[in-house]
Amino acid sequence: MTSHSPSAPPTGARTRRLRTSRGEFAVVDVPPAAGVTVRGVALLLPGYTGSKEDFTLVHEPLAARGYRTVAVDGRGQYESDGSEDDESAYAQEELARDVLAQANAVGAPVHLVGHSLGGQIARAAVLLDRSPFRSLTLISSGPARISVSQEQRVKLLRDALAVMSMAECWEAILAMGTPEEVGGPARGLGGQEYLRRRWLGTSPVQLLATGRQLCTEPDRVAELAAVPLPFHVLSGARDDTWPVPDLDEMALRLEAHRTVVDGAEHSPTVDRPAPTARALAGFWDGLTAIP
């Protein structure tokens, strides 16, 4: 995969602080391309150990299709402030209420997109209040807790954070080999120095709290299916965090639109951004005639 510098924002992008009723959040806000019909707004939530930059390569193709996209660092993620000592600040309901506030600040209704952990937080937000949302897309985000192998990685990270600084954890993880998506710094765009900076910018308390959520999340698919909202389940063809057959089954239970992106694994927006963006825009385009 070619390295792409997240420091080079997409055309027209504004990297700014989004003011909400629950504080300020770092966002990358990209308007629709000049001269195209404006079709909607999407709020993009990254996954565990990730950041708003994980969506860098899908902004421009979505802008070309008429969509404004706002990718956000959640509370305690990378460039958004968060508690350094209070895990309760990162309870799932608190993070979900942040998403509701972000959607309203961006300008509801929005198409909500959550990757991995971000998908489970997005689901919690929709279950609290669906009114700010036009649709929900879950990218590589499963029905309940993560796989046993990834749970072991998260627990290793939690144990390490109990006795090491973030910088020491970074060095230890690199010494173990190439980090996978969960349980170490997410594979993302840019070089190792950027990924290190992102890692060090994230609150360890946020990682502890959300890592625990990933290992204990209950199956809430039946609850979600009862919400009258259009759903889209998108994933790569291979996923170590939630098995693809589990994502297929979840899509059936939700009566959701289903996309499998060939050649992608747990991070389709990074692995295969062009077909991922086409799938997102195609899903949203199909909803425009629905009241």
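Look up a bit, the structure's there.
Residues numbered from 1 in each chain as written. Predicted model: local features only at pLDDT ≥ 70, side-chain atom pairs only at ≥ 80, totals over all residues. Heavy atoms only, no water.

(A) Main features of the nonpolar core. If you look at the biggest cluster of nonpolar residues, it comprises 59 residues, and the most contacted ones within it are L43, L112, F133, L136 and L254. Contacts of L254, omitting those with residues within four sequence positions, involve L138, V221, L224, A225, F231 and V233. L44, F55, I139 and V261 belong to the second largest nonpolar core, which has 19 residues in total. (Core = buried A, V, L, I, M, F, W, Y, C linked by side-chain atoms within 4.5 Å. Buried < 20%, exposed > 50% of the residue type's maximum accessible area, 1.4 Å probe, protein only. Contact = heavy atoms within 4.5 Å.)

(B) Expanded view of the environment of Q192. Tracing the sequence through the fold places Q192 in helix α6 (residues 192-201). According to the relative accessible area criterion, Q192 is exposed, its value standing at 52%. What Q192 contacts, discounting residues up to four positions off in sequence, is W170 and L174. (Helix = DSSP H or I, 4+ residues; strand = E, 2+ residues; numbered from the N terminus.)

(C) How the structure looks around the packing of aromatic side chains. With the rule as written, the count across this model stands at 2 aromatic pairs. Where Y78 meets Y194, the ring centres are 6.0 Å apart and the plane angle is 85°; that geometry is what we call edge-to-face. One end of the pair, Y78, is in the loop between β4 (67-72) and α2 (92-106); the other, Y194, is in helix α6, and 116 residues separate them in sequence. (Phe/Tyr/Trp six-rings, centres within 6.5 Å; stacked < 30°, edge-to-face > 60°.)

(D) Up close: the environment of G107. By the secondary structure assignment, G107 is in the loop between α2 and β5 (110-115). For the pair G107 and V41, spaced 66 residues apart in the sequence, the C-alpha separation amounts to 8.0 Å.

(E) How the structure looks around the pattern of salt bridges. A full pass over the atoms with the stated rule returns 25 salt bridges. Of the charged contacts in the structure, one is a salt bridge between E24 and R17, with a shortest N-O distance of 3.7 Å. What makes E24 partly exposed here is its relative accessible area of 35%. Here the residues in one salt-bridge network are R14, R16, D29 and R68, joined through shared partners. (Salt bridge = Lys/Arg side-chain N within 4 Å of Asp/Glu carboxyl O.)

(F) Highlighting the side chain of R68. Examined against the element boundaries, R68 turns out to sit in strand β4. A polar side-chain atom of R68 sits 3.1 Å from the main-chain carbonyl oxygen of V106. When near neighbours in sequence (up to four residues on either side) are disregarded, R68 contacts R16, D29, V30, P31, P32, G40, V41, A42 and V106. (Polar contact = N/O pair within 3.5 Å; in protein donor to acceptor, adjacent residues only side chain to side chain.)

(G) Structural detail: α2. Helix length check: α2 (15 residues) gives 21 Å between terminal C-alpha atoms against 21 Å at 1.5 Å per residue, within 8%. Every buried residue belonging to α2 is among Q92, L95, A96, D98, V99, L100, A101, Q102, A103 and V106, and all of these are buried. Following α2 by one or two positions, G107 adopts a phi angle in the positive range, close to 125°. (Expected span 1.5 Å × (residues − 1).)

(H) Fine view of the pairing of β5. Within β5, 6 of the 6 residues are buried, which leaves it mostly tucked inside the rest of the structure. Across the two faces of β5 the burial is the same, with V110, L112 and G114 and H111, V113 and H115 all buried. In the sheet, strand β3 (residues 40-45) pairs with β5 via 4 bridges, with the strands oriented parallel. Its bridge partner lying in β5, L45 is registered against G114. A crossover links β5 with its parallel partner strand β6 (residues 133-139), the connecting element being helix α3 (residues 117-128), and its sense is right-handed. (Pairing = 2+ DSSP bridges. Right-handed = clockwise from strand over helix to strand, strands pointing away.)

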